[in-house]
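These are the residues of each chain, in order.
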Amino acid sequence: MSRRVTPALLASAVLMAGLAGCSTDTRPSQSGPVPLVEPKAAATPTPQVPAGKAPQRAFAVGVRQLKLNRDGRALPTTLWYPAAGQSGGAAKRSATAAEGRFPVVMFSHGLGGRPDDYATLLTRWAAAGFVVAAPTFPHTSAGGDKNVLDVLNQPADVSYALDQVLALDGKAGDALRGRLDGERVAAAGHSAGGVTTIGLFTANRDERLDAGVVFAGTALGVGTAFAGAAAPQLFVHGELDEVVEYAAGKAAYDKVPWPKAMLSLPKGDHGRALLSDGATLRVVSDTSVEFLRWSLYGDADARKRIPTDATRGDVATFDDHL
């Protein structure tokens, strides 16, 4: 794909000023805009992943770190992965020795955040049978310089991290050798990480991705020209979001040309409910797990469970176009 500066970059500064509300440090960026990648003009509908069955039992979860670096950009990446058999069962066994290959989900944190902030949610995804990989971005993470425009570099960071994670599948002696399914991959992210995730399906389309989950994200700066093969999308947004307005997330969602659904949280803000357990997180967790089971494992039964999970407890509404 060719690279050139587009007028959308001027609008990106507006987005990034809003995203700075996630951070306690709002110093202006010292670096200029980075060019967008022009996507292909139109999405090409393709079949979903092959039909299959997602595991229904809960796995014990392992956590490890990868020390990654892309051209001088340090990207330490946390992995949450199915590590053992039935949680709490009398006889535990290695999931990686018995369960076959697991789909991979790449997760992007918000501005001023870090992967561990989302550990409750990401642990639940791993327990459901997914390997979750979450890079810590060099400029937008906690302790970084809060260069918000660097969000536009993060889709390439995620694609690089995905390369390295999938390489573990063939690495001798690695616990995940032979257990990663590179044909079933999703991207997800919150706030600035939601922008990063949308970018992976628009301006920086990664064709390996089969599905996306966007928490409190917007497309300003990465565009709404969703490109490449069809990839179902789940958007989750609080209607009281004080940083990224609900209308901005809904506008991006409306532009998705593929199967899609939006989980709206009438009492939800910018995402504090994602960071600690509670009724809202349980609905978000259960809905996203079933979405990933359907979109990555091809599990038709999971698809049937999504609307029920999404509206349980009267804490959310669900727009379903899957």
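Residues numbered from 1 in each chain as written. Predicted model: local features only at pLDDT ≥ 70, side-chain atom pairs only at ≥ 80, totals over all residues. Heavy atoms only, no water.

> What am I meant to see in the overall build of the protein chain here?
Scanning the protein chain for helices and strands turns up eight helices and 15 strands. Here the protein chain, with 322 residues, has 55% of them falling under the buried criterion. Excluding contacts between residues fewer than 6 apart, the proportion of contacts in the protein chain whose partners are at least 24 apart in sequence is 73%. By element, 53% of the accessible surface of the protein chain is carried by carbon and sulfur atoms, the whole surface being about 12,900 Å². (Helix = DSSP H or I, 4+ residues; strand = E, 2+ residues; numbered from the N terminus. Buried < 20%, exposed > 50% of the residue type's maximum accessible area, 1.4 Å probe, protein only. Contact = heavy atoms within 4.5 Å. Areas by Shrake-Rupley, 256 points an atom, 1.4 Å probe, with all protein chains shown as cover.)

> Would you explain the confidence of the model for the protein chain in this entry?
Detailed reading of predicted coordinates is not advised where the pLDDT is low. When the pLDDT values of the protein chain are averaged, the result is 85; 80% of them are 70 or greater. Between residues 1-14, whose pLDDT stays under 50, and residues either more than four places distant or in other chains, the model counts 26 contacts. With pLDDT under 50 throughout, residues 85-98 is counted as low confidence; its partners more than four residues away or in other chains account for 28 contacts. (pLDDT = per-residue confidence, 0-100.)

> It is not clear to me how unusual backbone geometry should be interpreted in this structure. Could you clarify?
Most of the time, phi is negative for any residue but glycine, and the peptide bond is trans. Even without a glycine there, the phi angle at Asp-71 is positive, about 50°. With respect to the secondary-structure elements, Asp-71 resides in the loop between strand 5 (69-70) and strand 6 (73-74).

> Would you explain the pairing of strand 10 (residues 180-190) in this entry?
Put simply, side chains in a regular strand alternate between the two faces of the sheet. The buried count for strand 10 comes to nine of 11 residues, which makes it a mostly enclosed element. As paired strands, strand 8 (residues 102-108) and strand 10 are joined by six bridges and run parallel to one another. Its bridge partner being in strand 10, Phe-102 is matched across the sheet by Leu-180. Looking at chain direction, strand 10 and strand 11 (residues 211-215) are connected through five bridges and run parallel. The residue bridging Ala-186 from the neighbouring strand is Ala-211, located in strand 11. (Pairing = 2+ DSSP bridges.)

> Help me understand the pattern of salt bridges in this model?
Any two side chains of opposite charge can pair if their charged atoms end up close together. Tallied over the entire structure, the rule returns 18 salt bridges. Among the salt bridges present, the one from Arg-272 reaches Asp-269, with a minimum N-O distance of 2.5 Å. For Arg-303, the salt bridge goes to Asp-320, with nearest N and O atoms at 3.1 Å. One end of the pair, Arg-303, is in helix 8 (residues 300-311); the other, Asp-320, is in strand 15 (residues 317-321), with 17 residues separating them in the sequence. You can call Asp-320 partly exposed: its relative accessible area is 28%. (Salt bridge = Lys/Arg side-chain N within 4 Å of Asp/Glu carboxyl O.)

> Just to check I follow, could you spell out the packing of aromatic side chains for this structure?
Remark: the centre distance and the inter-plane angle together describe each pair of aromatic rings, the angle taken between the planes. Applying the stated criterion across every chain yields a total of nine aromatic pairs. An angle of 65° between the planes, with centres 5.4 Å apart, marks the rings of Phe-130 and Tyr-297 as edge-to-face. Remark: Tyr-297 occurs in helix 7 (residues 279-297) and Phe-130 occurs in the loop between helix 3 (119-127) and strand 9 (131-135); sequence separation between them is 167 residues. For the ring pair Phe-226 and Trp-258, a centre distance of 5.6 Å and an interplane angle of 80° mean the geometry is edge-to-face. Here Phe-226 is found in the loop between strand 11 and strand 12 (228-229), whereas its partner Trp-258 is found in the loop between helix 6 (246-255) and strand 14 (260-265), with 32 residues between them in sequence. Note on Trp-258: relative accessible area 5%, which makes it buried. Through a chain of ring-to-ring contacts, three or more aromatic side chains come together here, namely Phe-107, Tyr-118, Trp-125 and Phe-215. Seen from the ring of Tyr-253, Lys-260 lies directly overhead, with NZ or CZ sitting 4.8 Å from the centre. (Phe/Tyr/Trp six-rings, centres within 6.5 Å; stacked < 30°, edge-to-face > 60°. Lys NZ or Arg CZ within 6 Å of the ring centre and 35° of its normal.)

> So what exactly am I meant to see when it comes to the packing of helix 3 against helix 7 here?
Two elements in contact, helix 3 and helix 7, have axes whose closest approach is 10 Å; the angle formed by their N-to-C orientations is 35°. The crossing of helix 3 and helix 7 is right-handed. Counting all contacts with helix 3, which are made through Thr-120, Leu-121, Arg-124 and Trp-125, the residues of helix 7 involved are Leu-281, Arg-282, Ser-285, Ser-288, Val-289 and Leu-292. Here the residues of the contact of helix 3 with helix 7 are counted per class, giving five nonpolar, three polar and two charged. (Axes fitted to C-alpha atoms, helices over the stretch in contact; angles between N-to-C directions. Left-handed = near helix turned anticlockwise from the far one by under 90°. Nonpolar A, V, L, I, M, F, W, Y, C, P; charged D, E, K, R; others polar.)

> Explanation requested: the environment of Leu-209 in the structure shown.
Examined against the element boundaries, Leu-209 turns out to sit in the loop between helix 5 (192-199) and strand 11. The class of Leu-209 is buried, set by a relative accessible area of 4%. In this structure, the C-alpha to C-alpha distance between Leu-209 and Ala-230, residues 21 residues apart in sequence, is 9.4 Å. When near neighbours in sequence (up to four residues on either side) are disregarded, Leu-209 contacts Leu-162, Val-185, Ala-186, Ala-187, Leu-200, Phe-201 and Ala-231.

> Would you take a moment to explain the packing of helix 7 against helix 8 for this structure?
To characterise two packed helices, one gives the angle between the axes of the helices and the distance between these axes. Between helix 7 and helix 8, the least distance of the axes is 8 Å, while the angle of their chain directions is 165°. Judged on the interaxial angle alone, helix 8 and helix 7 are roughly antiparallel. Crossing of helix 7 over helix 8 shows left-handed handedness. Residues Val-283, Asp-286, Thr-287, Glu-290, Phe-291, Arg-293 and Trp-294 of helix 7 touch helix 8, and the partners they reach there are Ala-302, Arg-303, Arg-305, Ile-306, Asp-309 and Ala-310. (Parallel < 35°, antiparallel > 145°, perpendicular 65-115°, else oblique.)

> What should I look at first to understand helix 8 in this one?
Residues spaced three or four apart along an α-helix point in a common direction, a consequence of the helix completing one turn every 3.6 residues. Every buried residue belonging to helix 8 is among Ala-302, Ile-306, Asp-309 and Ala-310, and all of these are buried. Buried residues in helix 8, looked at end-on, bunch into an arc of 90°, giving them a common side. Counted as exposed and oriented over 90 degrees from the buried face of helix 8: Lys-304 and Thr-308. Contacts made by the buried residues of helix 8 are with strand 14, helix 7 and strand 15. Structurally, the start of helix 8 carries an N-cap: the backbone nitrogen of Asp-301 is 3.0 Å from a side-chain oxygen of Asp-299. Backbone geometry just after helix 8 places Gly-313 at a positive phi near 85°. (Arc of directions from axis to C-beta. Polar contact = N/O pair within 3.5 Å; in protein donor to acceptor, adjacent residues only side chain to side chain.)

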